[in-house]
Each structure stands twice: as structure tokens, then as C-alpha cells.
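Now for the letters of each chain:
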Amino acid sequence: MNTNRGGAIIPFQKTQWLFPIAVTLHSAEEAFSMPKWVAVHSSQLPVHPGAARIWSGLLLLTLAAFAVTSLSARKGKGSLWAYLLFGYAVAMLVNVLLPHIPATLVFGEYTPGVVTAVLMNLPIMSILLFQAVREQWVSGTKAIAYALLVPLAIGVAISVLLARP
């Protein structure tokens, strides 16, 4: 069996394209179910974004996933784009744990995005993060910094978008 230097059957150069596919499917699940879910649970939520705001935010995040992946694939190992993709994948992995799983447990019912978060994002993001480090697309303290700062930046951006009147 042919493997690359990092031991993976399919190199990160190609598997990184699973990232925007997973983001797209996750965003689609949320776009389909979140507006109604937010309306039903509005008294229990700190913010109440309308459907248009939800959809525009999800579209922006999805387009960003494709743009970052495209640039990472073109610029390669160690590029700014590889680190941004790494950080964004960390954000998607954290997103499984906060808020999807806890929200589902607290509400005791389906919450928008939980199915793709658990069944797709959890395994795909874990594999991509491991593979990016293993094949040295990212490394060291720079990878740690992007793993902390990119999710933080995305979280702040989402909070600002959702909190607007």
C-alpha cells in the first residue's frame, strides 16, 4: 500500500477538502432547523436572531471554509492559510462540545446542528487536526496560537452578529 511520508493513505493536501464539505453540511442542517428552533425556545435563549441573520452568518462561515481551504491547498505547508484552516477546524471541533452536546442535554431534545456535529465534525475535524500536525502543515507554538485565537475570533464575530438589534 502506498503511503506518503506522514503515513496517511491520502495526504492532507487532499483530505483538507473534507473541511469545507463538513462545514457546508453542518451549516445546511443548522440553516434548515435553527430559525424555527430559536423561535420556539426564544424565552430560554439570550439572543433571538431572525432567519435572515442566521442564514447570512452560516453562508459567511461556509464561504470562509472554502476560501481558507482553497488558499491552504494552493499555498501549502506552513502557510498562513494552513494555520487559519487548522484554527477553524479547532473551532468546529470545539463547536461540537460547546454548544451542541450540552444544549441537547439541557433542552432534552434535538438542537440544530447536533447530528452533523457529532457524526461528521467530531471525527472529521479530529482526523484533519491530527493529520495537519503529523504531516507538518502546522507545528509548534504557532499552531497552538492559531488553535486558540481563531476559535476565539470566530466566537466573538458570531456573538457580535447575533447580538445586533
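Each chain has its residues counted from 1, running along the sequence as written. For a predicted model such as this one, the threshold for reporting local features is a pLDDT of at least 70, and the threshold for listing and counting side-chain atom pairs is 80 or more; totals across whole chains, interfaces and linings nevertheless cover every residue. Side-chain metrics in this entry use all non-hydrogen atoms of the structure; hydrogen atoms and water are not considered.

1. Considering the overall build of the chain
Thought 1: Secondary structure summary: the chain contains six helices and zero strands in total.
Thought 2: Here a strand is any run of E in DSSP of at least two residues, a helix any run of H or I of at least four, and the numbering for each starts at the N terminus. Along the chain, helices (α) and strands (β) appear in the sequence α-α-α-α-α-α when read from the amino end.
Thought 3: To get the radius of gyration, use the C-alpha atoms; to get the globule rule, take the number of residues to the power 0.38 and multiply by 2.2 Å. Computed over its C-alpha atoms, the radius of gyration of the chain comes to 17 Å, within 12% of the 15 Å expected for a compact globule of 165 residues.
Thought 4: If one aligns the C-alpha atoms of the chain with their principal axes, the spans along those axes are about 55 × 30 × 25 Å.
Thought 5: Relative accessibility thresholds used throughout: buried, under 20% of the residue-type maximum; exposed, over 50%; partly exposed, between the two (1.4 Å probe, protein chains only). Here the chain, with 165 residues, has 41% of them falling under the buried criterion.
Thought 6: Of the contacts made within the chain by residues no fewer than 6 positions apart, 79% connect residues no fewer than 24 positions apart.
Thought 7: Counting every atom, the chain has about 9100 Å² of accessible surface; 74% of that belongs to carbon and sulfur.
Thought 8: Computed over 10 positive and 4 negative side-chain charges, the inter-centroid distance for the chain is 17 Å. When checking whether two residues touch, look at their non-hydrogen atoms; a contact exists if any pair is within 4.5 Å. Residue burial considers only the protein chains on display, and all accessible areas are found by Shrake-Rupley using a 1.4 Å probe. Residues scored as charged are limited to Lys and Arg (positive) and Asp and Glu (negative), so that His and the chain ends carry no count. For charged residues, the charge sits on one atom: NZ in Lys, CZ in Arg, CG in Asp, CD in Glu.

2. Brief notes about the environment of proline 123
Thought 1: Along the chain, proline 123 turns up in helix H5 (residues 114-134).
Thought 2: On the accessibility criterion, proline 123 (34% relative accessible area) is partly exposed.

3. A few points about unusual backbone geometry
Thought 1: Geometrically, the link from leucine 98 to proline 99 is a cis peptide bond, its omega value of 15° lying close to zero.
Thought 2: Located in the positive-phi region is glutamine 136, a residue other than glycine, with phi close to 60°.
Thought 3: With respect to the helices, strands and loops of the structure, glutamine 136 is situated in the loop between H5 and helix H6 (140-163).
Thought 4: Judged by its relative accessible area of 48%, glutamine 136 is partly exposed.

4. Considerations on a nonpolar patch on the surface
Thought 1: Think of a patch as exposed residues, more than 30% relative accessible area, with no salt bridge, where like charges cluster within 9 Å and nonpolar side chains (Val, Leu, Ile, Met, Phe, Trp, Tyr) cluster within 5 Å. Criterion for a salt bridge: a side-chain nitrogen of Lys or Arg within 4 Å of a carboxyl oxygen of Asp or Glu. A cluster of nonpolar side chains, namely Val94, Leu97, Leu98, Ile101, Leu105, Tyr110, Val115, Val118, Leu119 and Leu122, defines an oily patch on the protein surface of about 900 Å² accessible area.
Thought 2: Going through the elements one at a time, helix H4 (80-107) and H5 are the ones with two or more residues in the nonpolar patch.
Thought 3: Examining the composition of the nonpolar patch, we find that five residues originate from one element, H4, more than from any other.
Thought 4: Residue placement: valine 94 occurs in helix H4.
Thought 5: The exposure class of valine 94 is partly exposed, given its relative accessible area of 39%.

5. Looking at the packing of aromatic side chains
Thought 1: Each Phe, Tyr or Trp ring (for Trp, its six-membered ring) is paired with any other whose centre lies within 6.5 Å, and the angle between the two planes then decides the class: stacked below 30 degrees, edge-to-face above 60, tilted in between. A full pass over the atoms with the stated rule returns four aromatic pairs.
Thought 2: Each ring, one from tryptophan 37 and one from phenylalanine 107, has its centre 4.9 Å from the other, and the planes form 80°; the classification is edge-to-face. Taken together, the residues span a long stretch of sequence, with tryptophan 37 in helix H2 (residues 18-40) and phenylalanine 107 in helix H4 at a distance of 70 residues.
Thought 3: Note on tryptophan 37: relative accessible area 14%, which makes it buried.
Thought 4: Of the residues examined, phenylalanine 107 reaches a relative accessible area of 21% and is grouped as partly exposed.
Thought 5: On the basis of an interplanar angle of 45° and a centroid distance of 5.4 Å, the ring pair of tyrosine 83 and tyrosine 146 is categorised as tilted. Of this pair, tyrosine 83 sits in helix H4 while tyrosine 146 is found in helix H6, placing the two residues 63 residues apart along the sequence.
Thought 6: Looking at tyrosine 83, the relative accessible area reads 5%, which means it is buried.
Thought 7: By relative accessible area, tyrosine 146 is classed as partly exposed at 22%.
Thought 8: The aromatic ring of tyrosine 83 is capped on one face by lysine 142, whose charged end is 4.6 Å from the ring centroid. Geometrically, a charge over a ring is one whose NZ (Lys) or CZ (Arg) sits within 6 Å of the ring centre while staying within 35 degrees of the ring normal.

6. Notes on H4
Thought 1: Under the convention used throughout, the expected extent of a helix is 1.5 Å for every residue step, that is, one less than its residue count. Counted at 1.5 Å a residue, the expected span for H4 with its 28 residues is 40 Å, and the 39 Å between its end C-alpha atoms agrees.
Thought 2: At asparagine 95, H4 shows its maximal kink, close to 35°; a proline, proline 99, follows between one and four residues later.
Thought 3: Two residues or fewer after H4 comes glycine 108, characterised by a positive phi angle close to 65°. One fitted axis covers the seven residues ending at a residue, a second covers the seven starting there, and the bend at that residue is the angle between these axes.

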